[in-house]
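Architecture at a glance
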Amino acid sequence: MSVLLYLIPIALFLGLLGLGAFIWSLRSGQYEDLDGEALRILDDDDDRPIVD
Amino acid sequence: MGCCGVRYDDECAAPGSAAIWVRQNDDGGYELNLVVPGIHCAACISTIEKGLKELPGLGEARVNFSLKQVRARWTDPEFDPESIVAKLDELGYAARPFDPSDAGFGVDDRESRELLRALAVAGFAAGNIMFLSISVWAGAEGATRDFFHWVSALLALPAIAYSGRPFFRSAWNALSRARMNMDVPISLAVLTAAMMSLYQVANHQQHAYFDAAVSLLFFLLIGRYLDHRMRARARSAVSQLMTLAATGATVLDEEGRKRFLPMDALQNGMRVLVAAGERIPVDGVVEEGDTDVDVSLITGESNPERVGPGARVYAGAMNLTGPVVVRLTAHGEDTFLSEIIRLMATAEESRSAYVRLADRLAGYYAPVVHVLAGATLFGWLWWTNFDWPVSLLHAISVLIITCPCALGLAVPAVQVVASGVLFRNGVMIKDGSALERMADVDTVIFDKTGTLTMGEPKLSERGPVSIESLAVAAGLAAGSAHPLSRAIVKAVEERGIEPETVTGVVEHPGRGLSGTWRGRSVRLGSLEWCGVRDEAALSSDMPQLALAVEGRQPVVFSFTDTLRPDAAETVRRLKAAGLRVEMISGDREGPVRAVAEELDLDGWKAAWSPQQKLAYVEGLAEAGRKVLMVGDGINDAPALAAGYASMAPSTASDIGRTAADMVFVGASLRAVWLAREVSVRSRRLMTQNFVWAIAYNVFAVPVAMAGLASPLFAAVAMSASSIIVVANSLRLGLMDRNLDRSFALTTYGEAGERGGIRRKAA
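Residues numbered from 1 in each chain as written. Chains lettered and ligands numbered in written order. Predicted model: local features only at pLDDT ≥ 70, side-chain atom pairs only at ≥ 80, totals over all residues.

Attention now moves to the overall build of chain B. Counting secondary structure elements, chain B contains 26 helices and 27 strands. Per-residue burial over chain B gives 50% buried out of 762 residues. (Helix = DSSP H or I, 4+ residues; strand = E, 2+ residues; numbered from the N terminus. Buried ≥ 20, exposed ≤ 12 C-beta atoms within 10 Å, placed from the backbone.)

Segmenting chain B into domains produces domain 1 (1-101), domain 2 (103-246), domain 3 (248-280 + 283-334), domain 4 (426-454 + 564-676) and domain 5 (461-541). Computed from C-alpha coordinates alone, the two centres of domain 4 of chain B and domain 5 of chain B are separated by 34 Å. (Domains from an automatic or database assignment.)

Right, let's get into the interface of chain B and chain A. Facing the 18 residues of chain B at the interface are 18 residues of chain A. Looking at the side of chain B that touches chain A, the elements with two or more residues in it are α1 (42-53), β3 (60-64), α3 (105-137) and α4 (142-163) of chain B. (Contact = placed C-beta atoms within 7 Å.)

What follows concerns the sheet that holds strand β20 (residues 520-525) of chain B. All names here are of chain B. In space, the 6 strands of this open sheet follow the order β17-β22-β21-β20-β19-β18, with antiparallel pairing throughout. For this open sheet the edge positions go to β17 (453-459) and β18 (503-508), each flanked by a neighbour on one side alone. With strand direction ignored, the average angle separating the axes of adjacent strands in the sheet is 20°. By the bridge criterion, 6 bridges tie strand β19 (residues 512-517) to β20 in an arrangement that is antiparallel. (Pairing = 2+ DSSP bridges. Axes fitted to C-alpha atoms, helices over the stretch in contact; angles between N-to-C directions.)

Residues and elements named next belong to chain B. By size, the foremost hydrophobic cluster in this structure holds 171 residues, and its most contacted members are A122, A213, V214 and A410. The leading source of residues in this core is helix α7 (residues 210-243), at 14 residues. Core analysis: the second largest hydrophobic core is formed by 26 residues, A474, A477, A491 and V555 among them. (Core = buried A, V, L, I, M, F, W, Y, C linked by C-beta atoms within 7 Å.)

This part is about helix α2 (residues 82-90) of chain B. Residue and element names in this part refer to chain B. For α2, the set of buried residues is I84, V85 and L88. All buried residues of α2 project into a common sector of 95° when viewed along the axis, lining one side. Along α2, exposed side chains directed more than 90 degrees from the buried face belong to D89 and E90. Looking at the buried side of α2, the elements it contacts are β2 (30-35), α1, β4 (69-74) and β5 (96-98). (Arc of directions from axis to C-beta.)

Here the focus is the sheet that holds strand β10 (residues 291-294) of chain B. Residues and elements named next belong to chain B. The strand order β11-β10-β13 describes an open sheet built from 3 strands, whose pairing is antiparallel. One side of each edge strand has no neighbouring strand; the edge strands of this open sheet are β11 (305-307) and β13 (318-319). Where β10 lies against β11, 3 bridges are found, and the strand directions are antiparallel. Across the sheet, the residue bridging to V293 is E305, located in β11.

Residue and element names in this part refer to chain B. Taking 1.5 Å as the rise per residue, helix α20 (residues 610-622) with 13 residues should run 18 Å; its terminal C-alpha atoms sit 18 Å apart, in good agreement. By the burial criterion, the buried members of α20 are P610, K613, L614, V617 and L620. What you see down the axis of α20 is that its buried residues fit within an arc of 130°, all on one side. Opposite the buried face of α20, by more than 90 degrees, sit the exposed residues G619 and E622. The first or second residue beyond α20 is G624, which carries a positive phi of 90°. (Expected span 1.5 Å × (residues − 1).)

Attention now goes to unusual backbone geometry. Residues and elements named next belong to chain B. Unusually for a residue other than glycine, H204 sits at a positive phi of about 55°. One can find H204 in the loop between α6 (183-202) and α7. You can call H204 exposed: it has 11 C-beta atoms within 10 Å. Its identity as a non-glycine residue notwithstanding, F386 has a phi of 60°, on the positive side.

On to the pairing of strand β22 (residues 555-563) of chain B. Taken residue by residue, a regular strand's side chains alternate between the two faces of the sheet. Residue and element names in this part refer to chain B. Counting buried positions over the 9 residues of β22 gives 8, a clear majority of the element. Pairing between β17 and β22: 4 bridges, direction antiparallel. From the neighbouring strand, P457 faces β22, where its bridge partner is D561. Where strand β21 (residues 544-549) and β22 come together, 4 bridges link them in antiparallel fashion. In the strand pairing of β22, A546 is matched with V556. Counting the residues that bridge the hairpin from β21 to β22 gives 5 residues, and of these G551 lies at a positive phi of roughly 85°.

All names here are of chain B. Relative to β19, β18 is paired through 4 bridges, and the arrangement is antiparallel. Note that in β19 the partner of T503 across the bridge is T516. Two successive antiparallel strands, β19 and β20, enclose a turn made up of 2 residues, where R518 displays a positive phi of approximately 50°.

For any two helices packed against each other, one specifies the crossing angle of their axes together with the interaxial distance. Residue and element names in this part refer to chain B. Two numbers describe how helix α10 (residues 357-383) lies on helix α23 (residues 670-705): the axes approach to 12 Å, and their chain directions differ by 5°. Overall, the two elements α10 and α23 adopt an arrangement that is roughly parallel. Contacts between α10 and α23 involve L357, L361, L372 and T376 from the first element and M686, F690, V701 and M705 from the second. (Parallel < 35°, antiparallel > 145°, perpendicular 65-115°, else oblique.)

Residues and elements named next belong to chain B. Summary statistics for chain B give a mean pLDDT of 81 and a share of 90% for residues scoring 70 or more. Residue range residues 1-16 is modelled with pLDDT below 50. Its contacts to residues more than four positions away, or to other chains, number 41 contacts. In this model, residues 744-762 is a region of pLDDT below 50 whose contacts with residues beyond four sequence positions or in other chains number 28 contacts. Here the predicted complex scores 0.76 on pTM and 0.79 on ipTM. (pLDDT = per-residue confidence, 0-100.)

To continue, consider the environment of T443 of chain B. Residue and element names in this part refer to chain B. Note on placement: T443 falls in strand β16 (residues 443-446). Given 22 C-beta atoms within a 10 Å radius, T443 is considered buried. Between the C-alpha atom of T443 and that of R580, which follows or precedes it by 137 residues, the distance is 4.7 Å. If we ignore the near neighbours within four places in the chain, the residues touching T443 are L579, R580, E582, L620, R625, K626 and V627.

Set out below in structure tokens:
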């Protein structure tokens, strides 16, 4: 059962990584304009979301 | 004052001075936010962004498609922000600068981000704890079980502390005001579950409820976030309508130079220039110029009023025919508008007394639950001969099992779906309790001008008018912005008549138009000016115009109001649903009676002041009636605030939209019927959800009181009841698909004839 001692922390670390990624995406303004992003993908030029 | 909608599209292009709205950022850069209502497709985004990039000195421009806004940033202090508006205009987009902190966008944004972060944390914790809990339920024992429980505790406690804050805050607010709401039992259950589980784990016990506590928060946060986002979207749509209204005035200084000043900078005695086609921005006295003003938004009067030097004009009136200079006489405290605002403040107190359905239920629910938990504690103490730990455990598990997860979702889930259905159909709900109040309504009171009617006159079918006179009148009226002139031009187009050529047309503000037709002088205008002697015509209070051709008897054209599309059908449906439908108007008796008779209303009142309207609505409320007030004008605002529920069209005055619970876009009055229908269905679903949640408790509470509720039982029962409640609420979304589309798509102008046609109710 000692395998759990490092498997569970690894699982939690990966989960936290996901949570961190989500919070980063939130902070970087990727949820500001959900309808716009769906249309922007049709545009070939590079552009980035506005950061607050 | 002003609006941008069905009635006066060209108002959006009113002059603006972008420099006033420029904000300086912390990093020293400049920022300008603009509302651009014309953004509607993918191409718009790249057209605007690429177009603005061409401006020298502009750092970046970003379109927000969902909000139909553009945010521009630059660092060069020399950059002229006016060029952004000019460039957008060149690209074909009307734009209006605004201050995002004024319109309330910034505040909403922070709140929704906080909810989303709380949701993410709760989701992460709930997922991982459930993972560990399943291993425990599957038979983990001894040290392994304790290890799993400790990891769960490590995840759950910070997650509860972080994600539970919206609930704890709201519960604390309610308790500190000696009130009860659903968040009180929710907070209590989550906190006791966490405490008890911690105690259990410390004592190497088998049962821990961390999973139940955190997934409860997770479910409830989903509901709360969706609810918040829906309302934020509706609110921002409403505040954008307001942003488009005039926020300043063109002021003339001593030397006659023009300057655009924002509202705050205006002072008594200033001279304001109002061009034809603009709204008068301030209360004042006309100093130069003659014109006709449309005061329908202020008084409900449908016939334009003639004003000349010395006449008083009020903010919100539409200047129709000639430019005027207005000297500002009242500003701030003593305007007509501030009188209306004082009336509204008294009227709104009655509405804030409304207690929401869920909170009313919580008032009964929470005491019952707490009594049951207490009874469990004492029952087990007696049964086990004062074994405190076991008795407390069972009492707390009653609290956890009865935690109103389904109850907490019962209202928000329905509300999210309902406001989604209404939003897609052009109705924006500003207040969460509006849906509940709307469902109770038993009387509907409409305003006339701008609400039941379009505020656009239409040439009456009655009366002998020759084709030739119509053609001459249309020739004269072709270039005029006066609503009656436009009605004549429209009538001629509809009848397929070719307008005669009239030369040398001159507009005489306040009187009419003159010109030359086949060598004879012709006049189209007020009856007196055209020399009409007919007593019957002169004493009529319907809007009228006369056409005088040199050497002939003058011809009188009479006008009626154009009803909003679907007005007749909407009134018929509301009456069929057992509601009393009335109309109160500030307009004169003739036009009001005509509309009332056409729509077969249960009652009508004409020539009423805002005070009378307010008194009438309050009187009905005292008599126990629940009134839905539908109106658009400044004069309707106090009555809108006093109504049990209220609606305003998006073309309404700013203050009308502010006072109303719901705002509908588009011309069709069907929105009123739809809003009520959706509200009634929502309430039915909410009741079903409550009944289900209570039935679940009736089954689960005895199990918990008997001490048989395991964490597995709690998790399964709570999730199942939440899912059932959400699934039931989603049924309302199906309504959107089943809506009577033919009613929705009734075309302009045929509403009147369709009143009698019986069709299946949606």
